[in-house]
Amino acid sequence: MEHILWKNDELILMDQRKLPGETAFVTCKTPDDVAAAIRNMVVRGAPAIGITAAYGLAMSAILKRDFDADCQLLLDSRPTAVNLRWAVERMRDCRNKNHGKSDFFVAEAIEIHREDIEMNRRMGEFGASLFSKPVTILTHCNAGALATGGYGTALGVIRSLFNHGKLKEVFADETRPYLQGARLTAFELAKAGIPHRVITDNSAGYFMAKGEIDAVITGADRVAANGDTANKIGTMMLAVLARHFEIPFYIAAPWSTFDLSLASGVGIPIEERGRDEVAFINGKSIVPDNSPVAHIGFDVTPGNLISGFVTEKGILHPPFRTDSD
Ligand code: MRU
């Protein structure tokens with residue numbers, strides 16, 4: 001089942017907020033709909049929001065809207081994942097090369113989507129080559145098919161390990177408050193028949209101390225030139241724990257996630273979201289009414305805690321320099 005589908009000049013998105021209980025879809029007819037779908041997490045995950053924005057700009061060209069204004073609208077929808085900017089820049093280049101013919105925009109968005117799946121499969125193979133015997137992997141958030149064009153980044157490596165008979169089990173952090181791990185990663189793993197257990201976010205140290213985790217692999221939203229990496233809040237704690245227990249910690253991400261304009265992670269914009277996502281569970285408040293909440297979407301893992309970066313170009317190590325790294 002496709003979760004990002006371009007059909008008759010409209011974009012049909014699987015509503016990831018409703019999974020795993022309900023498979024529902026949201027149809028976007030304008031770039032405003034697309035920006036709202038990204039902002040409201042109908043679609044999420046760094047590569048997936050880049051692909052979605054590209055389709056949003058194809059729509060902008062078809063509807064003969066102000067293209068630059070729509071680029072800004074989409075850029076403003078979420079701040080941390082640089083894939084969004086990467087996709088918008090690629091669509092801008094497409095306009096410059098093709099004098100604004102809408103067919104070319106649609107073809108470019110479809111190509112961005114296709115390439116992403118291909119890169120994930122390549123990444124999966126590179127990642128699987130890191131291990132010679134069956135391993136248990138811990139992952140955080142959802143870096144699967146749903147977070148990308150398909151197959152996944154960190155989950156792509158897990159899929160490839162499974163296909164090569166080199167996977168014992170996956171521990172999926174539930175990932176409070178949006179529960180991308182419990183709802184989405186577990187959904188994908190169950191569908192693929194991959195052995196897994198969902199754990200609470202505070203369980204990783206327990207299982208690492210028991211020697212039950214061989215490696216941690218997560219996705220990324222933005223990687224700076226020195227390897228500092230923004231990913232879902234909680235990722236940095238895993239990297240610190242992994243260093244303590246001498247467990248390798250890998251990031252799997254396509255080159256479109258690398259932001260070489262930033263020397264370090266200090267300049268990465270970190271999304272803060274509303275109180276209610278933390279304070280309410282199933283519509284019921286779990287926090288006293290007068291208690292404020294800090295809801296930080298991402299943290300930055302220092303590059304020196306990361307054992308390697310699994311990319312479509314192979315396993316890379318910082319400092320990252322040019323496109324030809
Ligand atoms: O807030 P989200 O769900 O968009 O956050 C997603 C993540 O942090 C993922 O790990 C990251 O985008 C990589 S997805 C391949």
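Residues numbered from 1 in each chain as written. Predicted model: local features only at pLDDT ≥ 70, side-chain atom pairs only at ≥ 80, totals over all residues. Heavy atoms only, no water.

### Describing the domain arrangement of the protein chain
At step 1: For the protein chain, the domain assignment lists domain 1 (4–119) and domain 2 (126–316).
At step 2: One C-alpha centre belongs to domain 1, the other to domain 2; they are set 24 Å apart.
At step 3: If you look at the interface, domain 1 gives 28 residues, while domain 2 gives 30 residues.
At step 4: In total, about 2,400 Å² of surface goes out of reach between domain 1 and domain 2, with carbon and sulfur atoms giving 55% of it.
At step 5: Remark: the boundary between domain 1 and domain 2 carries two salt bridges.
At step 6: Here arginine 78 ties to glutamate 271 by a salt bridge, and the two come within 2.6 Å at their closest N and O atoms.
At step 7: Viewed at the interface, domain 2 and domain 1 are joined by 17 residue pairs in polar contact (both at pLDDT 80 or more).
At step 8: Secondary structure elements with two or more residues in the side of domain 1 that touches domain 2: helix 2 (46–62), helix 4 (83–98) and helix 5 (102–128).
At step 9: Tallied by class, residues from the side of domain 1 that touches domain 2 come to 15 nonpolar, six polar and seven charged. (Domains from an automatic or database assignment. Contact = heavy atoms within 4.5 Å. Buried area = accessible area lost by both parts, 1.4 Å probe. Salt bridge = Lys/Arg side-chain N within 4 Å of Asp/Glu carboxyl O. Polar contact = N/O pair within 3.5 Å; in protein donor to acceptor, adjacent residues only side chain to side chain. Helix = DSSP H or I, 4+ residues; strand = E, 2+ residues; numbered from the N terminus. Nonpolar A, V, L, I, M, F, W, Y, C, P; charged D, E, K, R; others polar.)

### Regarding the packing of aromatic side chains
At step 1: The full count for this structure, using the stated rule, is ten aromatic pairs.
At step 2: Aromatic pair phenylalanine 67 and phenylalanine 105: ring centres 5.2 Å apart, planes at 55°, arrangement tilted. Taken as a pair, phenylalanine 67 in helix 3 (residues 67–75) and phenylalanine 105 in helix 5 lie far apart in primary sequence, 38 residues in all.
At step 3: Taken together through their ring pairs, the aromatic side chains of Trp255, Phe258, Phe309 and Phe320 make up a single cluster.
At step 4: We note lysine 232 situated over the ring of phenylalanine 298; from NZ or CZ to the ring centre the distance is 4.1 Å.
At step 5: The positively charged end of lysine 313 is found above the aromatic ring belonging to tryptophan 255, 5.0 Å away from the centroid. (Phe/Tyr/Trp six-rings, centres within 6.5 Å; stacked < 30°, edge-to-face > 60°. Lys NZ or Arg CZ within 6 Å of the ring centre and 35° of its normal.)

### Points about empty space enclosed by the protein
At step 1: Under the counting rule described, the total for this entry stands at four cavities of 30 Å³ or more.
At step 2: One number sums up the size of the largest cavity: a volume of about 190 Å³.
At step 3: If you go around the largest cavity, you meet 24 residues; those closest to its centre are Arg44, Gly45, Ala46, Asn142 and Asp221.
At step 4: Elements supplying a minimum of two residues to the lining of the largest cavity: helix 2 and strand 9 (229–232).
At step 5: Taken together, the residues of the lining of the largest cavity break down into eleven nonpolar, nine polar and four charged.
At step 6: Counting contributing residues, the lining of the largest cavity receives three or more from each of domain 1 (4–119) and domain 2 (126–316). (1 Å grid on protein atoms, 1.4 Å probe; cavity = no way out; pocket = protein on both sides within 12 Å on 5 of 7 lines; lining within 4 Å. Points joined across faces, edges and corners; volume = space filled by probe spheres on them.)

### A look at the site of the ligand
At step 1: Residues in contact with the ligand amount to 19 residues; listed here are only the nearest, Arg44, Arg78, Gln180, Asn231 and Lys232.
At step 2: Within the backbone of glycine 45, one N or O atom sits 2.9 Å away from an oxygen atom of the ligand.
At step 3: Alone, the ligand offers 410 Å² of accessible surface; in the complex the protein occludes 99% of this.
At step 4: Comparing atom positions with the cavity grids shows the ligand to sit within the largest cavity.
At step 5: Elements with a minimum of two residues in the shell around the ligand: helix 2 and strand 9.
At step 6: In this structure, the shell around the ligand is formed jointly by two domains, domain 1 (4–119) and domain 2 (126–316), each of which donates at least three residues. (Near = heavy atom within 4 Å. Areas by Shrake-Rupley, 256 points an atom, 1.4 Å probe, with all protein chains shown as cover. Sits in = over half its atoms within 2 Å of the grid points.)

### Looking at the pairing of strand 9
At step 1: Pairing of strand 8 (residues 222–224) with strand 9, which is carried by two bridges, proceeds in the antiparallel orientation. Note on strand 9: the bridge partner recorded for arginine 222 is alanine 230.
At step 2: The antiparallel pairing of strand 8 with strand 9 creates a hairpin that spans four residues between the two strands, and glycine 227 there sits at a positive phi of about 95°.
At step 3: Relative to strand 14 (residues 298–301), strand 9 runs antiparallel, the two being bridged by four bridges. What sits directly across from lysine 232, in strand 14, is phenylalanine 298. (Pairing = 2+ DSSP bridges.)

### Considering helix 1 (residues 31–39)
At step 1: Among all positions of helix 1, only Pro31, Val34, Ala35, Ala37 and Ile38 are buried. For helix 1, the angular spread of the buried residues around the axis is 160°, confining them to a single face.
At step 2: Along its buried surface, helix 1 packs onto strand 2 (10–14), strand 3 (25–28), helix 2, helix 3 and helix 4.
At step 3: Looking one or two places after helix 1, you find methionine 41, whose phi comes out positive at around 70°. (Buried < 20%, exposed > 50% of the residue type's maximum accessible area, 1.4 Å probe, protein only. Arc of directions from axis to C-beta.)

### Remarks on the sheet that holds strand 1 (residues 4–7)
At step 1: One open sheet accounts for three strands, arranged 1-2-3; its pairing is antiparallel. Each edge of the sheet is formed by a strand with only one pairing partner; in this case those strands are strand 1 and strand 3. Here the average twist between neighbouring strands, direction ignored, is 20°.
At step 2: Where strand 2 meets strand 3, four bridges bridge the pair, whose relative direction is antiparallel. By the bridge assignment for strand 3, isoleucine 12 is matched with threonine 27.
At step 3: The strands that helix 2 touches are strand 1, strand 2 and strand 3; relative to strand 1, the one it contacts most, it runs at about 15°. (Axes fitted to C-alpha atoms, helices over the stretch in contact; angles between N-to-C directions.)

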